[in-house]
Amino acid sequence: MATSKPAIAPMKVALVPRPGADFQVVEREIPLPGARQVRIHVRACGVCHSDVLTKEGLLPSISYPRVPGHEVVGVIDEVGAGVQDWKKGERVGVGWHGQQDGTCPSCRRGDFVTCANLKITGVGFDGGYQQYMVAPVEALARVPETLDPVEAAPLMCAGITTFNALRRSDALPGDLVAIQGVGGLGHLGIQFANKFGYRVAAIGRGEENAPLAKKLGAHVYVDSVATNVSAALQKLGGARVILATAPSGKAMSALIDGLGPNGTLLVVGAGPDPIEVLPGQLLFGKKRIQGWSAGLPSDSEDTLRFADMTGVRPMIETYPLEKAAEAYARMMSGKAQFRVVLTI
Ligand SMILES: [Zn+2]
Ligand SMILES: [Zn+2]
């Protein structure tokens, strides 16, 4: 008998070979999970704008080649040593929150989301642009069997971000909540806000977005091209919360005067330019600007369960894994309606 190690079937992987380089689709050996890790047979992975961090090497800590993807849904097909709480055959998702260190000051206070040494999926370790991925158990969320994996994938980042930001906000049922942007984040934000019982104002560019925004659950549509958005929101009584999803600091600055007393501008879109505000805009009426990013895998589970219960779903465009470069380019174009998902 030959003593060489058994042949391991290859799998397809879409990776970034070095910062700024084009995607490469290559074959790799199917990896084995280590201690407190599982291997996931990936079924779908969303393409998120934050994948630009890995594609362009915008964080100094990333080592290459690296496989992006933090909107992963699949099935556990192998478990590593010391894994008792997760079983083969379970459907799971992996989002932005990869693994907390468990030892930093935030973690010692139980605030894992703000872990100083958070490992981000697809950044700190290989993500879901591949047929099989290895994930630490800390990253895993259970995915209801009744959800389509392809529809569930965008809920692992775009979904949890909007769901969690809104549900942890001060807004109560009946309050005016504005969702800025009818796009990847915004089209989910409108749906969640409606299901939470808010009075929903969608803010979009151009009248042509009004029918869709209303179909998604907006009670009011404000066209930011034709209207002064802040004045329009004040006319409605002022917003308790404005969920700012469009990646533009300038556009967000124009929203601040639309806040009502004790209102919050909740920033979830990452724009390259500053948000500009005068102290007086915040002082009078005790208004604030707050950032928000995703949440824990347990929050993902809540997001998925809520979506399953209420019918909230992303609108998606699908591409096969082999066309990862095309899928990424489509996402970057800003023209996708609305989330791009790799089917694997
Ligand atoms: Zn930590
Ligand atoms: Zn994301």
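Described below are features of the structure shown in this document. Nothing here was measured: the structure is a model prediction, and the numbers come from that model.

1. Digging into the side chain of R39
Inference 1: Along the chain, the position of R39 falls in strand β3 (residues 37-47).
Inference 2: With a relative accessible area of 10%, R39 lands in the buried category.
Inference 3: Looking at R39, its side chain comes within polar contact range of the main-chain oxygen of P31, at 2.9 Å.
Inference 4: Contacts of R39, omitting those with residues within four sequence positions, involve I30, P31, L32, P33, V75, I76, D77, E78, Y132, M133 and V134.

2. Topic: the coordination of the zinc ion (ligand 2)
Inference 1: For the zinc ion (ligand 2), the protein coordination sphere consists of C48 (SG), H70 (NE2) and C157 (SG), at 2.0 to 2.2 Å.
Inference 2: Counting residues between consecutive donors of the zinc ion (ligand 2) along the chain gives the motif C-x21-H-x86-C. Pair noted here: H70 is in the loop between α1 (52-56) and β4 (72-79) and C157 is in the loop between α3 (149-152) and α4 (158-167), with a separation of 87 residues, a long-range link.
Inference 3: Residue class for H70 comes out buried when judged on its relative accessible area of 2%.

3. What about the sheet that holds strand β12 (residues 220-223)?
Inference 1: In spatial order, the strands read β12-β11-β10-β13-β14-β15; together these 6 strands make up an open sheet with parallel pairing. The open sheet has two edge strands with one neighbour each: β12 and β15 (288-291). For this sheet, the mean inter-axis angle between neighbouring strands, taken without regard to orientation, is 20 degrees.
Inference 2: Pairing of strand β10 (residues 176-180) with strand β13 (residues 239-244) involves 4 bridges; the strand directions are parallel. When the sheet's bridge partners are listed, V177 is paired in β13 with V241.
Inference 3: Against the sheet, α4 contacts β10, β13 and β14 (259-267), and its axis sits at roughly 160 degrees relative to β13.

Here is what the cut-offs are and how they apply
- Residues numbered from 1 in each chain as written.
- Chains lettered and ligands numbered in written order.
- Predicted model: local features only at pLDDT ≥ 70, side-chain atom pairs only at ≥ 80, totals over all residues.
- Heavy atoms only, no water.
- Helix = DSSP H or I, 4+ residues; strand = E, 2+ residues; numbered from the N terminus.
- Buried < 20%, exposed > 50% of the residue type's maximum accessible area, 1.4 Å probe, protein only.
- Polar contact = N/O pair within 3.5 Å; in protein donor to acceptor, adjacent residues only side chain to side chain.
- Contact = heavy atoms within 4.5 Å.
- Donors = N, O, S within 2.8 Å, 3.2 Å for Na, K, Ca; no water.
- Pairing = 2+ DSSP bridges.
- Axes fitted to C-alpha atoms, helices over the stretch in contact; angles between N-to-C directions.

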